Amino acid sequence: MNVADSHRLASALEKMGYEPTRQPHHADVIVLNTCVVRQSAEDKAIGRLSSLRPLKDRNPNLVVNLMGCLIGVRGNQKILERFPWVDVVSPPSDPEPLIRYLVERSAKQTSQINQAQINALLDGDIILPKADQGRLVSAFIPIVYGCSHACTYCIIPSKRGIEHSRPYDEILNEVNSFARQGVKEVTLLGQIVDRYGLDLPEPTTLSALLHDLHKIEGIKRIRFLTSHPNWMTDELLEAVQTLPKVCPHIEVPIQSGDDVILKAMRRGYTVNAYRDLIARIRQRIPDVAIATDIIVGFPGETPEQFDNTYALLADLRMDVAHLARYSPRDGTFSARKLVDDVSDAEKTRRFRKLEELQEEIASEINARLLGKTVNVLFEAQKRGRWRGRTPTNKLVFVDSPHDLLGQERSVTIEWTGPWSLIGTLTS
Ligand code: SAH
């Protein structure tokens, strides 16, 4: 989400004549786009912010924009008091405050400023930032902003606001525009992406959107994330199954393998319902890759309840498991009402156990691809080696002297590990 938001902002800045630099001390404007989903992310954001202070001292004309969830939709007075040298703050997904600030700053008289000028910079196509032109293979497209589900541990609803879907045509236009600029793959984003469209004045669905995006020439692959188990309809699974460009790749978090903990998290489903869903997905979409998210050490999680999560993951054998240690977030239900009573050491023990299990599972799943031919869309070259992904989102590395950027090619897999594969071009 933040990558997509930063892109939109970068595009508006370039329309104003700004250019990107990799050197913070060369910059006239620095935007720090932040995440606070866990304490570690917040600490990183605060650390980065503090490190900008000397630049600001040396160059008082430097504009520092603090954006994203550290600010949130309701603002964050405490942060402003702590970092008074921040010039502009922007809630998540909102590039306007910075653009307005810069327009106002460059105008000689305030009477010169008009909203039309600001709108012109923000509306219309996102022109890819120069550094990405002809190079960006895969783009993120937010389709649902905010979230209204209120899982008890989660800060996102209070930082990103209530759930609201983007207008259908706006998304189609954006993907069309990205396709014209050479983008080959889009990943549709939402906290509960499969609820897309239900809140629009003319309600629609994610599967309808997938059908229309599928027609866009130039787009070769479409993904979406993150799904919530309760909203994965058969209609959606059928769209994934029948539309060739929609990748057989589902991200659907379980969070815990224990019903008592799921209830305390207010996730809204049981372990059995989740098992049924996974069976349904696997039955409908052959060779699907499924990723899940798991939180260990939620308040009150006993060793036995954790063992249930372990056993579930061992049984369901997901392609990917994003693991997190529970982190109390100010303002959430769990931080206010529940005691963070699993020690850090114990959280880490549980985390490592799942990590080891997942390494074993992913190694085994990926080893099945050894000697097989897979389709890879190449997205970057690093240290002489091309990096791409299979439709199932497996990372593949290939040594090739040719320019493979943005190409879909057949690759024979010659080595597999838990996190990536290595192969050679077949054609
Ligand atoms: N909306 C998505 C993603 C939310 S954030 C969903 O339904 O899950 C991404 C992941 O961060 C979550 O899936 C969860 O596993 C993790 N997460 C969110 N809040 C957390 C917290 N307070 N402590 C630890 N992990 C958390």
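About the thresholds
Residues numbered from 1 in each chain as written. Predicted model: local features only at pLDDT ≥ 70, side-chain atom pairs only at ≥ 80, totals over all residues. Heavy atoms only, no water. Helix = DSSP H or I, 4+ residues; strand = E, 2+ residues; numbered from the N terminus. Buried < 20%, exposed > 50% of the residue type's maximum accessible area, 1.4 Å probe, protein only. Core = buried A, V, L, I, M, F, W, Y, C linked by side-chain atoms within 4.5 Å. Contact = heavy atoms within 4.5 Å. UniProt positions renumbered as here; feature names shortened; annotations may be inferred. Near = heavy atom within 4 Å. Polar contact = N/O pair within 3.5 Å; in protein donor to acceptor, adjacent residues only side chain to side chain. Areas by Shrake-Rupley, 256 points an atom, 1.4 Å probe, with all protein chains shown as cover. Nonpolar A, V, L, I, M, F, W, Y, C, P; charged D, E, K, R; others polar. Domains from an automatic or database assignment. Salt bridge = Lys/Arg side-chain N within 4 Å of Asp/Glu carboxyl O. Pairing = 2+ DSSP bridges. Axes fitted to C-alpha atoms, helices over the stretch in contact; angles between N-to-C directions.

### Side note on unusual backbone geometry
Note the cis peptide between L225 and T226, where omega equals 5°. Locating T226 in the fold gives a position in the loop between β8 (221–225) and α9 (234–242). Despite not being glycine, A150 shows a phi value in the positive range, around 60°. Following the sequence through the fold, A150 ends up in the loop between β5 (144–145) and α6 (156–160). A positive phi is found at D287, a non-glycine position, where the angle reads about 60°. If you trace the backbone, D287 turns up in the loop between α11 (271–284) and β10 (289–296). D287 gets classed as exposed once you look at its relative accessible area, which sits at 69%.

### Focus on the nonpolar core
I143, L188, L206, L209, L210, F224 and I281 are the most contacted members of the largest nonpolar core, which totals 61 residues. It is helix α7 (residues 168–180) that provides the largest number of residues to this core, a total of six residues. Aside from chain neighbours lying at most four places away, what touches L188 is I141, I143, V193, L206, L209, L210, L213, I222, R223, F224 and L225. In terms of nonpolar packing, the next biggest core, distinct from the first, is built from 20 residues, A27, A45, V64 and C69 among them.

### Quick word on the UniProt feature "domain: TRAM" (unreviewed entry) in the chain
The sites that carry the UniProt feature "domain: TRAM" (unreviewed entry) are, in the present numbering, residues 367–427. With 2% helix and 56% strand, residues 367–427 has end C-alpha atoms that lie 22 Å from one another.

### Concerning the site of the ligand
Around the ligand sit 15 residues, and of these R38, Q191, Q255, D293 and S327 come closest. Residue Q191 places a side-chain N or O atom 2.8 Å away from a nitrogen atom belonging to the ligand. The side chain of R267 places a nitrogen or oxygen atom 3.4 Å from an oxygen atom of the ligand. Coverage of the ligand by the protein amounts to 89% of the 530 Å² it exposes when considered alone. Within the residue set of the shell around the ligand, elements represented by two or more residues are β10 and β11 (320–325). Grouping the amino acids of the shell around the ligand by side-chain chemistry returns seven nonpolar, three polar and five charged.

### Details of the domain arrangement of the chain
Along its sequence, the chain is carved into domain 1 (2–122), domain 2 (248–367) and domain 3 (373–425). Here the C-alpha centroids of domain 1 and domain 3 sit 36 Å apart.

### A word on the pattern of salt bridges
For the structure shown, the criterion picks out 28 salt bridges. For R329, the salt bridge is made with E42, and the minimal N-O distance between the two is 2.9 Å. Of this pair, R329 sits in the loop between β11 and α13 (333–337) while E42 sits in helix α2 (residues 39–58); the two residues are 287 residues apart in sequence, bridging distant segments of the chain. The exposure class assigned to R329 is buried, which follows from its relative accessible area of 3%. We note a salt bridge from K56 to D87, for which the minimum N-O separation is 2.7 Å. In this pair, K56 sits in helix α2 while D87 sits in the loop between α3 (77–82) and β3 (88–90), placing the two residues 31 residues apart along the sequence. Connected via shared salt-bridge partners are R8, R166, E170 and E174.

### What about the sheet that holds β8?
Here three strands make up an open sheet; going across it, the order is β4-β7-β8 and the pairing parallel. Every other strand in the sheet has two partners, leaving β4 (138–142) and β8 as the edge strands with one partner each. Neighbour-to-neighbour, the strand axes of this sheet turn through a mean angle of 20°, independent of strand direction. Bridge count for β4 against strand β7 (residues 185–189) is five bridges, and the pairing is parallel. Of the residues in β7, the one forming a bridge with S138 is E185. Docked against the sheet, α7 engages β4 and β7, running at close to 165° with respect to β4.

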